[in-house]
Structure formats: structure tokens, C-alpha cells
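# Understanding the architecture of this molecule
These are the residues of each chain, in order.
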Amino acid sequence: MASETVSLEAILEEHIPAEKLAEVKRILYGAPTETLPVSEESQALSSSKDFEVQAVRIPCPTEQLRAPRIVRIGLIQNKIVLPTTAPVLDQLTALHTRIQEIIKAAAAEKVNVLCLQEAWTMPFAFCTREKYPWLEFAESAETGITTKMLQEVAKQYAMVIVSPILERDEEHQDTIWNTAVVVDADGSFVGKHRKNHIPRVGDFNESTYYMEGQDGHPVFETRYGRIAINICYGRHHPLNWAGFGLNGAEIVFNPSATVGALSEPMWAIEARNAAIANSYYACAINRVGTESFPNEFSSGDGKPAHKDFGHFYGSSYVAAPNGSRTPGLSRTRDGLLVTEVDLNLCRQVKDKWCFPMTQRLDMYASLFEAASSPDYERQIVKAE
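Remember, predicted model here, so these are calculated numbers, not experimental data. (Residues numbered from 1 in each chain as written. Predicted model: local features only at pLDDT ≥ 70, side-chain atom pairs only at ≥ 80, totals over all residues. Heavy atoms only, no water.)

Looking now at the overall build of the chain. Counting secondary structure elements, the chain contains 10 helices and 17 strands. The C-alpha atoms of the chain give 21 Å as radius of gyration, which agrees with the globular expectation for 384 residues (21 Å, within 12%). Principal axes of the C-alpha set define a box for the chain whose edges measure 65 × 55 × 45 Å. Counting contacts in the chain only where the partners sit at least 6 residues apart, residues at least 24 apart contribute 71% of the total. Total accessible area computed for the chain in this model is approximately 17900 Å², and 53% of it derives from carbon and sulfur atoms. For the chain, the separation between the mean place of its 37 positive charges and that of its 49 negative charges on side chains is 3 Å. (Helix = DSSP H or I, 4+ residues; strand = E, 2+ residues; numbered from the N terminus. Rg over C-alpha atoms; globule rule 2.2 N^0.38 Å. Contact = heavy atoms within 4.5 Å. Areas by Shrake-Rupley, 256 points an atom, 1.4 Å probe, with all protein chains shown as cover. Lys, Arg positive; Asp, Glu negative; His and termini not counted. Charge placed at Lys NZ, Arg CZ, Asp CG, Glu CD.)

Aromatic ring pairs are described here by two measures, namely the spacing of the ring centres and the angle between the planes. Considering all chains together, one arrives at 14 aromatic pairs under this definition. On the basis of an interplanar angle of 80° and a centroid distance of 4.8 Å, the ring pair of Phe124 and Phe126 is categorised as edge-to-face. The exposure class assigned to Phe124 is buried, which follows from its relative accessible area of 0%. Since its relative accessible area comes to 1%, Phe126 is described here as buried. Taken together, Phe124, Phe126, Phe204, Tyr209, Tyr210, Phe309 and Phe312 form an aromatic cluster joined through their ring pairs. The ring of Phe312 is capped by Arg287, whose NZ or CZ atom sits 5.8 Å from the centre of that ring. (Phe/Tyr/Trp six-rings, centres within 6.5 Å; stacked < 30°, edge-to-face > 60°. Buried < 20%, exposed > 50% of the residue type's maximum accessible area, 1.4 Å probe, protein only. Lys NZ or Arg CZ within 6 Å of the ring centre and 35° of its normal.)

Written out as C-alpha cells, the structure is:
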């Protein structure tokens, strides 16, 4: 991992003079965030268990008539713990243990709503196109071992937890889905959302395993606010982000698994754009590390066969509706990002920029309806 850059922030802080750094960050990241102290308990945990903890606040003006709606958001990024050749149950158990260690730090930081990375209970094996042993990681969204474990954790810490897993739907002929489970702060199962957009690019051969979800853009009413989940590849589709906003989301999580050679130039842009366009908080979470598999696979791009995706570059961050964003977590280490926000900022930005009032849904609805027809004719104007 020594050859990998730790983070963009580390480069900026190393090479830009202190008197100019604040202005550079303002241009890159928007209005400055405030660094929050990290508790001694979290510091001890992060040191002994080898993960990073960052805590920041995104400022929000105080209103006269509405009380602040303060929520602490937690994002966890992590590497797999055991080699991909280890027994399935051993890999799953090791990941459960690892995540519970980091969740303990999240609880110490008084996190209210926590999201884990895409398919966090397993290696991201969908590059291999092999069904076994990888489909043995799939489990019930409602009654699986992972959901049951997190229900206990959520209840213990009064924490809403978003758990993206590989789902096996036993009620519908054992079909497989890429799914995010939402557990409320009392440990109750709120619901689930299945990935809307499935990639067919490079090593991301996910349609070998599951297809697009059909449950639309659900928003989950939880103890701490209205949340939604735009799983991984859906971040490349602006209308997917918009669907959650139209349904009233205040926080939208984007649990992902993506590698530097493919998507890193897009990473810092997409969630931030979505937060601005839809007047909500957008939270981008990416796994970390390089995962090697027993058998070689190819990408269909003429390059030699290989045994890994490349480096998952972490860099998880939170973007606010006013265009500001937090620093990112490391590109190389497991980590917890804690971000304190005021949900009142969502409406404040709507009032200032008037995006909902000026978005012209009627105009776009007629365009999309026409464009979805097989006999659609594009509106191209040519000289006579």
C-alpha cells in the first residue's frame, strides 16, 4: 500500500503554505467545516484497532422559529479482514467483528445515523463472474445473520444503521439482489432498497449476479430524519439522485465499491453535485484496499487477465446542500467519518436558490415520456 497516495488533503497540507491553504480549501470544498474534538474513547479504539477517526461540523445558520435539527452522521469505510480464500463463515464473522469495533467508536462520538459500504459483509467478488463461493455470502434482508446482529447494535446505541448486503430473497425463488437494509434506532427493521442501476463496465460484471431493483426511490422515515440510499453505480445517474429528493429525502447515502483507475476523477464531484441539485446531504462511502481472488478474470478490454480489481480508494465524505463538503477519509486506511449537520439547512438552501420552484418538472416529464417511446424523434433544428 506504500505506493498509494494517502489523501488529497495530505498533499494540500504538505505543499501549500498555511496562509493560502484556507483559500484553496474554500475554492475546492466550499464554506469551511469545523473540526470537532474526538473523544478519548474513540482515540483509544482507533489507535488499538488501527482505523482513522475524523469528526467535523457543517455550519448552518440559526433560525428564529424552527429549532435546530442536529444529526450526527457516521460513515464507515473498511478493507476486507481475511483473504478471499478463507472459509465464507470465517470471512463474514471477521467482518462483523471489525465493523462492531468501529461502530463502538461511532457510538462514543454520539453518531445518530450510520451507513456502511456497499456489500460490506463480503469481498467485492462480482468481477470474477463465478457464482461460488460468493453467493454463499447472500442472506435475507429481513432475517439474515447480519440484520439480526445490527438490530441489536442499533438498539444498544440508539443508532439508525444502513447495512448494504448481498440479499437472497427466499420468498421469490432464491433471487439475488444488491440491497441496503435500514434499521431504526430502536432496532426495528424499517425497510430495504435494491440497487436501481447495475454496471456493465470493466470488471464490474454485476448483472451476472443480480438485476436492477424495482422498488423505485423509497425514503425511510427514521427517528433522526428522512433518509435514502443511492447504491454505488446509481451515483452516475442524476435522475436517480433526483428521485430520492422528490420523495423528501434529507440525507442520501451512496454506499459504493469503486477503484481509482476507473472512477476517482468523478468521485469528489458526483455526490456533491447531487447535494446541491436536490437540497439534501449526500454521503459518499467507498471501501478500501486491494482484493485478490484465486482465479484470473478479464475485463473484455484487451488487457491481460488479472486477479484483482485494483485499489479501492476510500475517500468517503459528506456533501451539504449549500455546496460545502467535508474532507475525505484516507485512501488507504479503514476509517470513521463523523459529520454533525443541521437538517434545517436543506430548506434554507431551497429558499435561497429556489431550485424546487424553478425545476420545471412538467417540461421534463413530457420529454422523458416521449423519449421512452420506441418511435421518439429527437428535437433537432436544422437550417432550411
